[in-house]
Amino acid sequence: MLKRGVHNRSGGGVHKRLLVKLSIAVILVVICTISLLTSTQTYNAALTPSEVSVENLWATATSDGWRPSSAPRSNWPPPPKESNGYLRVRCNGGLNQQRTAICNAVLAARIMNATLVLPELDANSFWHDDSGFQGLYDVEHFVNSLKNDVRIVESIPEIKKNGKSKKLKAFQIRPPRDAPVSWYTTDALEKMREHGAIYLTPFSHRLAEEIDIPEYQRLRCRVNYHALRFKPHIMKLSNSIVSNLRTQGHFMTIHLRFEMDMLAFAGCYDIFNPEEQRILKKYRKENFKEKDLKYSERRAIGKCPLTPEEVGLILRSMGFDNSTRIYLAAGELFGGERFMKPFESMFPRLENHNTVDTSGELAENTRGLLGSAVDYMVCLLSDIFMPTYDGPSNFANNLMGHRQYHGFRTTLHPDRKALAPIFIDREKGRTAGFEEAVRRAMLKTNFGGPHKRVSPESFYTNSWPECFCQTAAHNLADRCPADDTLQILGNQMDSEVTINSDAQSNVTAVTEK
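These numbers were taken from a predicted model, which means no experiment stands behind them. (Residues numbered from 1 in each chain as written. Predicted model: local features only at pLDDT ≥ 70, side-chain atom pairs only at ≥ 80, totals over all residues. Heavy atoms only, no water.)

Caption draft 1: The arrangement of the pattern of salt bridges in detail. As enumerated under the stated definition, the model contains 23 salt bridges in all. Look at the salt bridges and you will find they share partners, linking Glu 210, Arg 453 and Glu 466 into a network. (Salt bridge = Lys/Arg side-chain N within 4 Å of Asp/Glu carboxyl O.)

Caption draft 2: Inspection of the environment of Ala 101 at higher detail. Take Ala 101: it is sitting in helix α3 (residues 95-112). Apart from residues lying up to four places away in sequence, Ala 101 is in contact with Cys 91 and Phe 203. (Helix = DSSP H or I, 4+ residues; strand = E, 2+ residues; numbered from the N terminus. Contact = heavy atoms within 4.5 Å.)

Caption draft 3: Molecular detail of the pairing of strand β2 (residues 86-91). Side chains Leu 87, Val 89 and Cys 91 project from β2 onto a buried face, and the interleaved Tyr 86, Arg 88 and Arg 90 project onto a face without burial. As judged from the two bridges shared by β2 and strand β3 (residues 115-117), these two strands associate in the parallel manner. In the strand pairing of β3, Leu 87 is matched with Leu 116. Bridge count for β2 against strand β9 (residues 197-200) is four bridges, and the pairing is parallel. Residue pairing in the sheet places Leu 87 in a bridge with Ile 198 of β9. Across two bridges, the pairing between β2 and strand β4 (residues 120-121) is parallel. Its bridge partner being in β4, Arg 90 is matched across the sheet by Glu 120. (Buried < 20%, exposed > 50% of the residue type's maximum accessible area, 1.4 Å probe, protein only. Pairing = 2+ DSSP bridges.)

Caption draft 4: Focus on the confidence of the model for the protein. Averaged over every residue, the pLDDT of the protein is 84; the share at 70 or more is 81%. Here residues 1-16 is modelled with pLDDT under 50, and outside its nearest four sequence neighbours on either side it reaches zero contacts, counting other chains as well. Low pLDDT (under 50) marks residues 24-49, which in the prediction has three contacts with non-local residues, meaning those over four places away or in another chain. (pLDDT = per-residue confidence, 0-100.)

Structure (structure tokens):
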């Protein structure tokens, strides 16, 4: 009996253990089933066709209640009557590289309590243009707009010593690239006090972009988006072109960066014939550091500029049809007409500043900064802007930042790295789902709305949140100032948007959006 009792108890234990194991197995099956269903649902959701509203794209991007504001929000006294000396700078590079250098020069002068001498612009080696600051920008507007920030003079005045007038010679310094604020308050300031004036040359990318002082960043925005205004005749010509384009409704601008210098820089040769490859490689050897660049590797990670055909395929996948009016901001396309034909067949309504300039002024200045300045303004005021190769392109990067500040105007910013495998598959004959894949890649971009700045994105490409505010912000630092920013700064923002055929050359500011 005892043995039987023991046997029964041990048998019961076995049954219990089996029951526990069975329960665990059932639970695992349930978990796996749920997981499978969830993953299936997620996969199916990913396959759901992406919807793109072209009508929404013609409007501005979602602002989430943010608006541009670069007015000081804390104590910001005007420049003292006595400065520490004079600051001269030579801004090298093209139009937009010079533009960022001017912004940095104003900030450097504020940091050092220096009197800024009107920035010198390099006679551009490519455009062969020696217009200078006075030839491109409205000097009076520039000086007046910044009178509460820095003192600006057109040249270093002569000094009197022993009853004689003598020109003050600026001590020349080559500043380090992306120099921190501390370099200006120590090394540069010490030389300024010693010599009375310093000359910083070259001055491209010579002040760090990321500065953890919001008021300094807002000063950059005041310079870039308010003080730097092109001369009246450039503004008038730009407005005339925009007016012409708007007579038939919406229009988009595309910065088609399929040009020799950028293709050589990117190392993207294989799609060209042997003679064209020779030209590109020669240009690269003469202008850039030597590197072993393999086209297939560069292409796979999105380092090559989009071809005109790829641009057209993106637009068509997004829902734009052949009635779309497009203004091309581009220099001479490398490779000739054969690269443009596929794009032209998809979008025949193409314009550039020569085809819509009724004055003929641009036709006479094809290799000058005037054309670049007009392209900049037309791209700024267009309904949609699309850069095809932002990378080292100051034109595209600056425009994206300016359009963001100009009311979150829509920007189609292709993610070349995400699009590269999609285009490579298409070239290999795998075309199923091509347009859907392109739309999914494009819908992951921000279309010009407010978004966090992540390196390597430049401050000049995205000045959010420093140069924006909210009227009903939870964070006190993000609240808009009591007075209207653009009224304070005398900004021309709305007047640039208000286009009429008999526009006067003096563009004046009105109110902020």
